[in-house]
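# Remarks on the overall topology
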Amino acid sequence: MSSSAKDARSIDHFFSAPSGRHDRWRDLHSIARSWANGDAKRAAVESALEDLAVLEEFHAFPGTELMTALRERLKNDDKPGFLALAKRISLDIITGNYKQDAGEWQKADLALPDPADVLPPALGETRAYRPYFELLTVTPAPAARWPHIASEFRRLRRQEDAFIYESVLVGSLEDAVCAAILNPDIAAVAIYEGFALRSRHDAPVLRNVLATQHPLLLESDEADLSLRLAAGLKAIRPELDIYLLSDRRVEKLAGDPRAAIIRRIMYQIEEPLELHLSLLEGIKARFETPFFDNLKLYAQRPIATFHALPIARGKSVFRSPWIRDMGQFYGINLFLAESSATTGGLDSLLEPTGNIKRAQDMAARAFGAEHAFFVTNGTSTSNKMVLQALVAPGDIVILDRNCHKSHHYGLVLSGAQPFYVEAFPMAEFSMYGAVPLRTIKKALLDLKSEGRLDRVKMLDLTNCTFDGHIYNTRRVMEECLAIKPDLIFLWDEAWFGFARWSPFLRPRTGMGAAADIEAWAQTQGAIEQFEKQRAELGNAPSADKLLQTRLIPDPRAIRLRVYQTNSTHKSMSAIRQGSMVLVRDVDFHTIEAQFHEAIFTHASTSPNQQLIASLDVARRQMELEGYGLVMNAIEVALDIRREINSHPLISKYFSIVGADGMVPKEYRSSGFVDFLAPGTRWDDQLRSMREDEFCLDPTRMTLVCGTAGFDGTSFKGLLASEYNIQVNKTSRNSVLLQSNINNTRSDVALLISVLLKICGSIDTRLKHGGEAEQKAFAARVKALMKDVPDLPNFSHFHEFFRQDAGDKTPEGDIRTAFFAAYSEKQCEYLPIDSPECDRRLKDGPDMVSANFVIPYPPGFPIMVPGQVITQETITFMRKLDVKEIHGYEKAKGLKLLKTDVLAGKKSANHEKARKK
Ligand SMILES: *Cc1c(COP(=O)(O)O)cnc(C)c1O
């Protein structure tokens, strides 16, 4: 085995745990077959089995009994017996059948498992369907006793238990952490005091990981091991229920504030049944979906409706000869669950007090927020709600000009002034990255130097960006808070909601970083760090000095106010438009009334019940299996990256851009190159995620298709129409692939086979077409890859909309500009290809855009209302070969505000802002 293959297989190779496990079993199975055929030696089987046995210690199945049976058959040279058992176990692991069928755990039964059910039993079907989880037991008992302990738990099972579980036993803190990372089925942990610190296995990367996950995990002394382990496990998987069993004075332990993260502390010799019942109750607390549960009850009740919703109960549908197919298509439950009632067990989304409130509170718990709000009109609405709730006319918001349109429109609605900052450009793909921290700090320092820092209310950024750039959210917030301690942050995490369930991505979410900053601010060291830096910086540090320093905020002065929006439907199992606003804001009580006004403004008074239920259910799923699902999505992405970039034919025409191509070097201080670069260890990825200014979300893959002669839009069309493959957005020469919690390795196989087919046909065409065809192909590739237009930066607002702005800062009154366009008299049209357009650019007067102009792709506004149009923008538009441009009618031309109108009057908003 090569050293890198060995590396990938060591127990601490955490990034591809489940598929790595499947691969090992497949390997064992195939070596066993060779052994049975006489092609392989027993030693080879032995080594494959031992290699795998270490990993299996962290899983309940196949367990000691079956592993012992395997070893015995090997020892007795029972080739067919070994092969049969290895085959059965590996199939069981891949199908997950053992989770439903206790018979699979017994060695005597050699029948092959049936394929696992893809669909759960239908409603009303009597077959018991009990979800399965694993209990991690950390114990000082000798390993020889572990099978006995596991069987003790099994004996406690009762018919009426809602869930079943099996136990995984380990004897040390390090093994417990490994198990929690490697085994996504673990849902609860029982810690018996007295266990060891170090792993029994050699795990070279493990300690690096422990260091990144929790400082307490790395301390080498043996004090307080239980509490340290509990803290470490919670840092890695906050959803786990932790039980502590001690023979010390448990009352005293329970009073320790560090024990707050433990679900229950028990006296060790207490009834084991007590622990069993607590375990099941803990799972139930996550399984429960207050709104969905109630909706199901509601649907079963006979109810006559006299409110305005004819399809409720389905009568208008099923009785109709004309629309009955709708009923047949969706099924009766959809109609039984439709209601406009907010009583009789259903709650009101606008003023929740019952089960919606409880569902939201559970979502807040799950996502690490103080408050969660369900939104049924997508994150487009969530963003507008947050902006309206927190900023007023005249306030300044620093935001990425390249952000989703809901932010721009949110500012038009609220009357706050955008201070646009630019993301770093990726001109070769006609797209933008993310906004460098230096740019953000400079914006704040410029405002400060003009004495206008009090006007800035919010920093509003997209995390991660469409193309996968993840901010260092903690660093951004810390450094900004060092300049303005009460700045509010809005992190648009439309795509990134799932990140909460990866311990590696979580610190880079808005909520994750807020929790870390809060914890830091409470340490004694925080004040010392701040004071030390203050002394170093001296009395009046220059702006330059501040830009170069990694600023530490004053932990006593900061007001941590963090908002995060996510399109639950984009990365979790919610129905389209299901979205959430998550809040960690120490001053939330001061704006709560405003926040409710914002809900009243934007939320429909007829929110869709199924959507609310799906948000509730999406939360349940993530709390119970999100960790494994997200790990799987990352594995699938790494598979796709590997297959495309290493396939001899596919890589001739296509490639997935590596981290080095997506994030310029200056923002990758860790030196990380790419997930698959030679010599890269997976803990290098962790370091990048931890340290770098921007890191790349592995699940978002930019597939370059320009090198195969396709522009993004037509390649997307080809995949959809010919091969039933849907991809995400496109750029001029790339498409975005995204792996999700629903992807499987079969999806990867399908994609690869399709790309292979396409490459094959290009190859043939070029071979048969001769020199002419090859020349044409090369020219097309060059046009797509090299002749790319420069991306136009935001120019500036027209002076008329800046009368209230600072001299050196670019904010402007976008709302007044937007409404100025409502008077046709004040507007004119100018085709971009006209000589008049060139003349105006050269000699004036300024051309001032009357509205947003947003080409798709790339999808960011190249003009906003009130913006002065420059040569750069016109050049970009002329080169742009896309058909869909929102806000621009080709026949009429650009819609402009007449400058003579602007010359005369004053901006109304400006007057108001002045008076404030
Ligand atoms: C999709 C998206 C939105 C809007 O979310 P919807 O749920 O589609 O309304 C907002 N911001 C970003 C960054 C998005 O990608």
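What counts, and where the lines are drawn
- Residues numbered from 1 in each chain as written.
- Predicted model: local features only at pLDDT ≥ 70, side-chain atom pairs only at ≥ 80, totals over all residues.
- Heavy atoms only, no water.
- Helix = DSSP H or I, 4+ residues; strand = E, 2+ residues; numbered from the N terminus.
- Rg over C-alpha atoms; globule rule 2.2 N^0.38 Å.
- Buried < 20%, exposed > 50% of the residue type's maximum accessible area, 1.4 Å probe, protein only.
- Contact = heavy atoms within 4.5 Å.
- Areas by Shrake-Rupley, 256 points an atom, 1.4 Å probe, with all protein chains shown as cover.
- Lys, Arg positive; Asp, Glu negative; His and termini not counted.
- Charge placed at Lys NZ, Arg CZ, Asp CG, Glu CD.
- Near = heavy atom within 4 Å.
- Polar contact = N/O pair within 3.5 Å; in protein donor to acceptor, adjacent residues only side chain to side chain.
- Nonpolar A, V, L, I, M, F, W, Y, C, P; charged D, E, K, R; others polar.
- Phe/Tyr/Trp six-rings, centres within 6.5 Å; stacked < 30°, edge-to-face > 60°.
- Pairing = 2+ DSSP bridges.
- 1 Å grid on protein atoms, 1.4 Å probe; cavity = no way out; pocket = protein on both sides within 12 Å on 5 of 7 lines; lining within 4 Å.
- Points joined across faces, edges and corners; volume = space filled by probe spheres on them.
- Core = buried A, V, L, I, M, F, W, Y, C linked by side-chain atoms within 4.5 Å.
- Axes fitted to C-alpha atoms, helices over the stretch in contact; angles between N-to-C directions.
- Patch = residues over 30% accessible without salt bridge, like charges linked within 9 Å, V, L, I, M, F, W, Y side chains within 5 Å.
- Salt bridge = Lys/Arg side-chain N within 4 Å of Asp/Glu carboxyl O.
- pLDDT = per-residue confidence, 0-100.
- Disulfide = S-S within 2.5 Å.

## Details of the overall build of the chain
- Broken down by element type, the chain carries 36 helices and 24 strands.
- Against the compact-globule benchmark of 29 Å for 916 residues, the chain has a radius of gyration of 30 Å, which places it among compact chains.
- Overall, the C-alpha framework of the chain stretches about 95 × 80 × 75 Å when taken along its three principal axes.
- Looking at the chain as a whole, 55% of its 916 residues are labelled buried.
- Here the analysis covers contacts within the chain between residues at least 6 apart in sequence; of these, 72% occur between residues at least 24 apart.
- In the structure as shown, the chain presents an accessible area of about 39200 Å², 53% of it carried by carbon and sulfur atoms.
- The distance from the centre of the 114 positive side-chain charges to the centre of the 118 negative ones in the chain is 3 Å.

## Examining the site of the ligand
- Around the ligand, the neighbouring residues are Gly378, Thr379, Ser380, Asn383, His404, Thr462, Asp492, Ala494, Trp495, Ser567, His569 and Lys570.
- At 2.8 Å from an oxygen atom of the ligand is found a side-chain nitrogen or oxygen belonging to Trp495.
- One of the side-chain nitrogen or oxygen atoms of Lys570 is found 2.9 Å away from an oxygen atom of the ligand.
- Burial of the ligand by the protein chains amounts to 85% of its free accessible area of 380 Å².
- Residue assignment for the shell around the ligand shows that the elements contributing at least two residues are helix 17 (378-390) and helix 24 (568-571).
- Here the shell around the ligand takes 4 residues from helix 17, the largest share from any one element.
- Looking at the shell around the ligand residue by residue, the class counts come to 2 nonpolar, 8 polar and 2 charged.

## Brief notes about the packing of aromatic side chains
- For the coordinates displayed, the defined rule picks out 33 aromatic pairs.
- For the pair Phe466 and Trp495, a centre-to-centre distance of 5.3 Å together with 45° between the ring planes defines the contact as tilted. In this pair, Phe466 is assigned in the loop between strand 11 (456-462) and strand 12 (469-471) and Trp495 in the loop between strand 13 (488-492) and helix 21 (510-521), connecting sequence segments 29 residues apart.
- Under the relative-accessibility criterion, Phe466 is labelled partly exposed at 32%.
- Classification of Trp495 by relative accessible area gives buried; the value is 12%.

## As for the sheet that holds strand 19 (residues 734-738)
- In space, the 3 strands of this open sheet follow the order 16-18-19, with antiparallel pairing throughout. Since the sheet does not close on itself, it has two edges, and those belong to strand 16 (655-656) and strand 19, each with one partner.
- In the sheet, strand 18 (residues 700-704) pairs with strand 19 via 5 bridges, with the strands oriented antiparallel. Each bridged residue has a counterpart across the sheet, and for Leu703 the counterpart in strand 19 is Val735.

## Quick notes on empty space enclosed by the protein
- This model, assessed by the stated rule, comprises 6 cavities of 30 Å³ or more.
- Of the voids in this model, the second largest cavity is the one considered here, and its volume is about 60 Å³.
- Leu349, Gln360, Phe373, Phe374, Val375, Met385, Ile599 and Ala603 together form the lining of the second largest cavity.
- In terms of residues, the lining of the second largest cavity owes the most to one element, strand 6 (residues 371-375), which gives 3 residues.
- When the residues that make up the lining of the second largest cavity are grouped by side-chain class, the tally is 7 nonpolar, 1 polar and no charged.

## Quick notes on unusual backbone geometry
- With an omega of 5°, the peptide bond running from Phe61 to Pro62 counts as cis.
- Structurally, Pro62 is set in the loop between helix 3 (42-56) and helix 4 (63-75).
- With an omega of -5°, the peptide bond running from Gly844 to Pro845 counts as cis.
- For Pro845, the position within the fold is in the loop between helix 33 (835-843) and strand 21 (848-849).
- Positive phi values are uncommon outside glycine, yet Asp77 reaches one of about 60°.
- By the element assignment, Asp77 lies in the loop between helix 4 and helix 5 (79-95).

## Overview of the nonpolar core
- Ile644, Phe654, Phe715 and Leu737 are the most contacted members of the largest nonpolar core, which totals 144 residues.
- Ranked by the residues each element gives to this core, the list is headed by helix 26 (residues 609-646), at 13 residues.
- Other than its neighbours up to four places away in sequence, Phe654 contacts Ile644, Leu703, Val704, Cys705, Thr707, Ala708, Phe710, Phe715, Leu755, Ile758 and Cys759.
- Listed in part, the 64 residues of the second largest apolar core include Ala60, Met67, Val168 and Leu197.

## Looking at the packing of helix 11 (residues 272-287) against helix 26
- Helix 26 packs onto helix 11 with a crossing angle of 145° between their chain directions and a minimal axis gap of 8 Å. Where helix 11 abuts helix 26, its residues Ile283, Arg286 and Phe287 lie against Arg619, Arg620, Glu623 and Leu624.
- Counted by class, the contact of helix 11 with helix 26 contains 3 nonpolar, no polar and 4 charged residues.

## Re a nonpolar patch on the surface
- On the surface, a nonpolar cluster with roughly 650 Å² of combined accessible area is contributed by Trp322, Ile323, Met326, Phe329 and Tyr330.
- Note on placement: Phe329 falls in helix 14 (residues 324-330).

## Digging into the pattern of salt bridges
- For the structure on display, the rule yields 54 salt bridges.
- Between Arg745 and Asp23 there is a salt bridge, and its shortest N-O distance comes to 3.2 Å. Within this pair, whereas Arg745 is found in helix 31 (residues 745-785), its partner Asp23 is found in helix 2 (residues 17-37), the two being separated by 722 residues in sequence.
- Given a relative accessible area of 34%, Arg745 falls into the partly exposed group.
- Asp23 gets classed as partly exposed once you look at its relative accessible area, which sits at 27%.
- With a closest N to O distance of 3.5 Å, Glu799 and Arg802 form a salt bridge.
- In this structure Glu799 comes out as exposed when scored by relative accessible area, which is 52%.
- Residues joined by salt bridges that share partners form a network here, namely Asp23, Arg26, Asp639, Arg642 and Arg745.

## Some details on the confidence of the model for the chain
- Confidence in the prediction for the chain averages 89 pLDDT; 92% of positions are at 70 or higher.
- Confidence over residues 1-8 falls short of pLDDT 50; this stretch has 6 contacts with residues more than four positions distant or in other chains.
- In the predicted structure, residues 906-916 sits below a pLDDT of 50 and forms 22 contacts with residues beyond four places in sequence or in another chain.

## Remarks on the environment of Ser688
- As for its position among the elements, Ser688 is in helix 29 (residues 682-691).
- Each C-alpha atom, one on Ser688 and one on Arg668, is 7.1 Å from the other, the two residues being 20 residues apart in sequence.
- Excluding residues that lie within four positions of it along the chain, Ser688 makes contacts with Arg508, Ser670, Phe672 and Cys695.

## Some details on the pairing of strand 11
- Among the 7 residues in strand 11, 6 count as buried, and that is most of the element.
- Of the pairings in the sheet, the one linking strand 11 to strand 13 comprises 5 bridges and is parallel in character. Bridging from a neighbouring strand, Thr462 pairs with Asp492 of strand 13.

## With respect to the state of the cysteines
- Applying the stated rule across the entire model yields 0 disulfides.
- Cys464 supplies the cysteine sulfur nearest to Cys403, a cysteine that is in no disulfide, at a spacing of 15 Å.
- As a non-bridged cysteine, Cys480 has Cys403 as the owner of its nearest cysteine sulfur, 16 Å distant.

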